[in-house]
Amino acid sequence: MEIWINPACAKCRGALTLLDAEGAGYTVRRYLEDVPSQDEIREVLGRLGLEPWDITRTQEAAAKELGLKDWPRAESARDRWIAALAEHPKLIQRPIITADDGTAVVGRTEEAVREALSRSRE
């Protein structure tokens, strides 16, 4: 199991606390320092079953500078969104937890973190 975090994020710290309390084995990826490639973002999106706009933090300053709210949310614009996430990793919703069963969750709630845990223990 891997968790993409921003250490300054309270939701990320909460997810780590829960994983530690449950004795989970995981790897931390500080994705602002170890920026995921476009291919890695595509892989995680596939595991999440989401589109890039679904995991984009649209209220971030970079999103406003790029005018993301006006970008089409369509297959034809998918690569543009992925490129923006790779170029501006702060736009990626967090934390993202990849489970051992090949799926992933955005672990913003305790329930989502527990879901990733259950998928990694089966």
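The structure reproduced in this document is the subject of the present report.

Rules and cut-offs
- Residues numbered from 1 in each chain as written.
- Predicted model: local features only at pLDDT ≥ 70, side-chain atom pairs only at ≥ 80, totals over all residues.
- Heavy atoms only, no water.
- Helix = DSSP H or I, 4+ residues; strand = E, 2+ residues; numbered from the N terminus.
- Polar contact = N/O pair within 3.5 Å; in protein donor to acceptor, adjacent residues only side chain to side chain.
- Contact = heavy atoms within 4.5 Å.
- Salt bridge = Lys/Arg side-chain N within 4 Å of Asp/Glu carboxyl O.
- Buried < 20%, exposed > 50% of the residue type's maximum accessible area, 1.4 Å probe, protein only.
- Arc of directions from axis to C-beta.

### Here's the deal with the side chain of N6
For step 1, the next point in the chain: With respect to the element layout, N6 can be found in the loop between β1 (2-5) and α1 (10-21).
For step 2, the next point in the chain: A polar side-chain atom of N6 sits 3.0 Å from the main-chain amide nitrogen of A8.
For step 3, the next point in the chain: Contact partners of N6, with chain neighbours within four places excluded, come to C12, Y31, L32 and R94.

### Points about the pattern of salt bridges
For step 1, the next point in the chain: If you walk through the whole model with that rule in mind, you get 11 salt bridges.
For step 2, the next point in the chain: Between R29 and E40 there is a salt bridge, with the nearest N and O atoms lying 3.0 Å from each other. Here R29 is found in strand β2 (residues 27-30), whereas its partner E40 is found in helix α2 (residues 38-48), with 11 residues between them in sequence.
For step 3, the next point in the chain: When its relative accessible area of 7% is taken as the criterion, R29 is described as buried.
For step 4, the next point in the chain: Of the charged contacts, one joins K69 and D70 as a salt bridge, the two residues approaching to 3.7 Å between their closest N and O atoms.
For step 5, the next point in the chain: Taken together, the shared-partner salt bridges in this structure form one network comprising E22, E110 and R114.

### Some thoughts on the environment of A112
For step 1, the next point in the chain: Relative to the helices and strands, A112 resides in helix α5 (residues 110-121).
For step 2, the next point in the chain: When its relative accessible area of 12% is taken as the criterion, A112 is described as buried.
For step 3, the next point in the chain: Put simply, A112 and A15 are 97 residues apart on the chain and 9.2 Å apart in space, counted from C-alpha to C-alpha.

### A look at α2
For step 1, the next point in the chain: Those residues of α2 not exposed but buried are I41, V44, L45 and L48. What you see down the axis of α2 is that its buried residues fit within an arc of 105 degrees, all on one side. Within α2, the exposed residues directed more than 90 degrees away from the buried face are D39 and G46.
For step 2, the next point in the chain: Summarising the contacts, the buried residues of α2 are in contact with β1, α4 (78-87), β3 (96-98) and β4 (104-106).
For step 3, the next point in the chain: Following α2 by one or two positions, G49 has its phi on the positive side, about 75 degrees.

These values are about where atoms sit, not about what they do.
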